[in-house]
Amino acid sequence: MTSQLSEHDARAADSGANATRHFAQKVQAANAVDTARVSAIAAEALAALHQVIRKHQLSYAEYDAVKAWMIRVGQDGEWPLFLDVFVEHVVEQVANESRQGSKGSIEGPYYIPGAPVIGATGALPMRPAEEGTPLLFHGQVTGVSGDPIDGATLELWQADNAGFYSQFAPGLPEWNLRGTLVTGADGRFSVRTIRPAPYQIPHDGATGKLIELAGWHAWRPAHMHLKVSAAGHQLVTTQLYFPGDPHNGDDIASAVKPELMLDPKPAPFGDGVEVTYDFALDPA
Ligand code: MBD
Ligand code: FE
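Residues numbered from 1 in each chain as written. Chains lettered and ligands numbered in written order. Predicted model: local features only at pLDDT ≥ 70, side-chain atom pairs only at ≥ 80, totals over all residues. Heavy atoms only, no water.

Chemist: Quick question: what am I supposed to make of the coordination of the iron ion (ligand 2) here?
Modeler: Geometry sets the ideal angles at a metal, namely 109.5 degrees for four tetrahedral donors and 90 or 180 degrees for six octahedral donors. Within the first shell, the iron ion (ligand 2) binds the protein through Tyr165 (OH), His223 (NE2) and His225 (NE2), at distances of 1.9 to 2.1 Å. On the basis of relative accessible area, Tyr165 is assigned to the buried category, the value being 3%. (Donors = N, O, S within 2.8 Å, 3.2 Å for Na, K, Ca; no water. Buried < 20%, exposed > 50% of the residue type's maximum accessible area, 1.4 Å probe, protein only.)

Chemist: What is the right way to read unusual backbone geometry from this model?
Modeler: Keep in mind that most residues, glycine aside, have a negative phi and that most peptide bonds are trans. In the Ramachandran plot, Gln57 falls in the positive-phi region, its phi being about 50° despite a non-glycine side chain. In the Ramachandran plot, Leu177 falls in the positive-phi region, its phi being about 60° despite a non-glycine side chain. With respect to the helices, strands and loops of the structure, Leu177 is situated in the loop between strand 4 (153–157) and strand 5 (178–182). Residue classification places Leu177 among the buried residues on the basis of a relative accessible area of 0%. (Helix = DSSP H or I, 4+ residues; strand = E, 2+ residues; numbered from the N terminus.)

Chemist: Can you walk me through the pairing of strand 12 (residues 273–276) in this structure?
Modeler: Along any regular strand, the residues point their side chains to alternate faces of the sheet. Residues of strand 12 alternate between two faces, with Val273 and Val275 buried on one and Glu274 and Thr276 left unburied on the opposite face. Note: strand 3 (residues 134–143) against strand 12, 4 bridges, orientation parallel. Each bridged residue has a counterpart across the sheet, and for His138 the counterpart in strand 12 is Thr276. Counted between consecutive antiparallel strands, the loop separating strand 11 (residues 265–266) from strand 12 contains 6 residues, among which Gly270 sits at a positive phi close to 40°. (Pairing = 2+ DSSP bridges.)

Chemist: When you look at the pairing of strand 9 (residues 223–229) in this model, what are you seeing that I'm missing?
Modeler: With 7 of its 7 residues buried, strand 9 lies for the most part within the structure. Across the two faces of strand 9 the burial is the same, with His223, His225, Lys227 and Ser229 and Met224, Leu226 and Val228 all buried. Taken together, the 5 bridges between strand 4 and strand 9 define a ladder with antiparallel strand orientation. Paired with Leu156 across the two strands is Leu226, which belongs to strand 9. Of the strand pairs in this sheet, strand 9 and strand 10 (residues 236–241) are connected by 6 bridges, and their pairing is antiparallel. Bridge pairing links Met224 to Leu240 in strand 10.

Chemist: For this particular structure, what's the right way to read the pattern of salt bridges?
Modeler: For side chains of opposite charge, pairing can occur when their charged atoms come near one another. Counted by the stated rule, this structure contains 11 salt bridges. Salt-bridge contacts for Arg127 lead to Glu7; the nearest nitrogen and oxygen are separated by 3.3 Å. A residue pair is termed long-range when its members are at least 10 positions apart, and Arg127 in the loop between strand 2 (121–123) and strand 3 and Glu7 in the segment before helix 1 (12–29) qualify at 120 residues. Here the residues in one salt-bridge network are Glu7, Arg127, Glu130 and Asp160, joined through shared partners. (Salt bridge = Lys/Arg side-chain N within 4 Å of Asp/Glu carboxyl O.)

Chemist: Got a minute to help me understand the environment of His203 in this structure?
Modeler: Relative to the helices and strands, His203 resides in the loop between strand 7 (199–200) and helix 6 (206–214). Apart from residues lying up to four places away in sequence, His203 is in contact with Gly208 and Ala218. Within the local environment of His203, its side chain forms a polar contact with the backbone oxygen of Ile201, the two atoms lying 2.9 Å apart. (Contact = heavy atoms within 4.5 Å. Polar contact = N/O pair within 3.5 Å; in protein donor to acceptor, adjacent residues only side chain to side chain.)

Chemist: Explain the sheet that holds strand 4 to me, please; I cannot follow it from the model alone.
Modeler: Within a sheet, adjacent strands bond to each other through the backbone by hydrogen bonds, running parallel or antiparallel. If you trace the 5 strands from one edge of the open sheet to the other, you get 1-5-4-9-10, paired in mixed fashion. The open sheet has two free edges, formed respectively by strand 1 (117–119) and strand 10, since each of these has just one partner strand. Recorded for the sheet is a direction-independent mean angle of 25° between the axes of neighbouring strands. Sheet topology places strand 1 next to strand 5; 2 bridges connect them, and they run parallel. Across the sheet, Gly119 pairs through a bridge with Leu181, a residue of strand 5. (Axes fitted to C-alpha atoms, helices over the stretch in contact; angles between N-to-C directions.)

Chemist: Explanation requested: the site of ligand 1 in the structure shown.
Modeler: In the vicinity of ligand 1, the contacting residues are Leu81, Val85, Ile106, Gly108, Pro109, Tyr110, Tyr165, Tyr199, Ile201, Arg220, His223 and His225. For ligand 1, whose accessible area on its own is 260 Å², the fraction buried by protein is 100%. The set of elements that each furnish at least two residues to the shell around ligand 1 consists of helix 4 (79–86) and strand 9. Residue composition of the shell around ligand 1, by class: 8 nonpolar, 3 polar and 1 charged. (Near = heavy atom within 4 Å. Areas by Shrake-Rupley, 256 points an atom, 1.4 Å probe, with all protein chains shown as cover. Nonpolar A, V, L, I, M, F, W, Y, C, P; charged D, E, K, R; others polar.)

Chemist: Can you help me understand the packing of aromatic side chains in this one?
Modeler: In total, this model carries 13 aromatic pairs according to the counting rule given. Between Tyr60 and Tyr63, the aromatic rings sit 6.1 Å apart at their centres with planes inclined by 85°, giving edge-to-face as the arrangement. Placement of both Tyr60 and Tyr63 in helix 3 (residues 60–75) is noted, with a separation of 3 residues, approximately one turn of the helix. On the basis of relative accessibility, which here comes to 68%, the residue Tyr60 falls in the exposed class. What makes Tyr63 partly exposed here is its relative accessible area of 39%. (Phe/Tyr/Trp six-rings, centres within 6.5 Å; stacked < 30°, edge-to-face > 60°.)

Structural data, given as structure tokens:
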């Protein structure tokens, strides 16, 4: 008899392997490296590490423990998780420093391109009895001058009420809580989903081992991920958060910004909540 796996059987090494596979697809074609920068950046990164070793008088036993841990991060496919949680926020800050429009935030390891297109109004794909508080999310996409953008695209992805992302945990429909909105001439969009729950990053693998040994925690505040784009404009990758979440102030991924806080109100239906967020896109 075969047993059906549920999302609660998710393993860090399985979601890690998926994230690693998706990342490999993304970088296949792109990303030529500026070789003139390789020496400077690699040498300085190594020098910073050497300095830490000297400062803390690292022993051979500790060196071997670090080496074994890094090997396990790779074996579990957890480099995308580890790097996006502990490093990406600085890359994002550097990349988006000079933008005038909406603030960005990190992409994280769980974006998948090509989610089903919903149009300007609709619902994210979800199960018939998807658990969680119903959430109505609407807003407008404009340029930085406030002019509405016709045909702007918003890609949304989020975890379910138990904290799992489709395609990274077993038993979930392929595109659960992932969808693509396209604005009309007024730049507006409106989508029904569920309010995401506070979320722990997968912590039964190598990344979790570090978190445990260091006495840190694995929590991210509840968040929705977005990529907003339009012809002639810069794509913004960002996340939105909910006020009052216990982890807004100590996100393990350091990806919360005050500008990305939503303002939930009781929804005009049932027991749900309603949020509005407008996006301003920088010119390309
Ligand atoms: C996530 O859901 C996430 O958003 C990040 C940044 C890292 C791990 C899991
Ligand atoms: Fe996330």
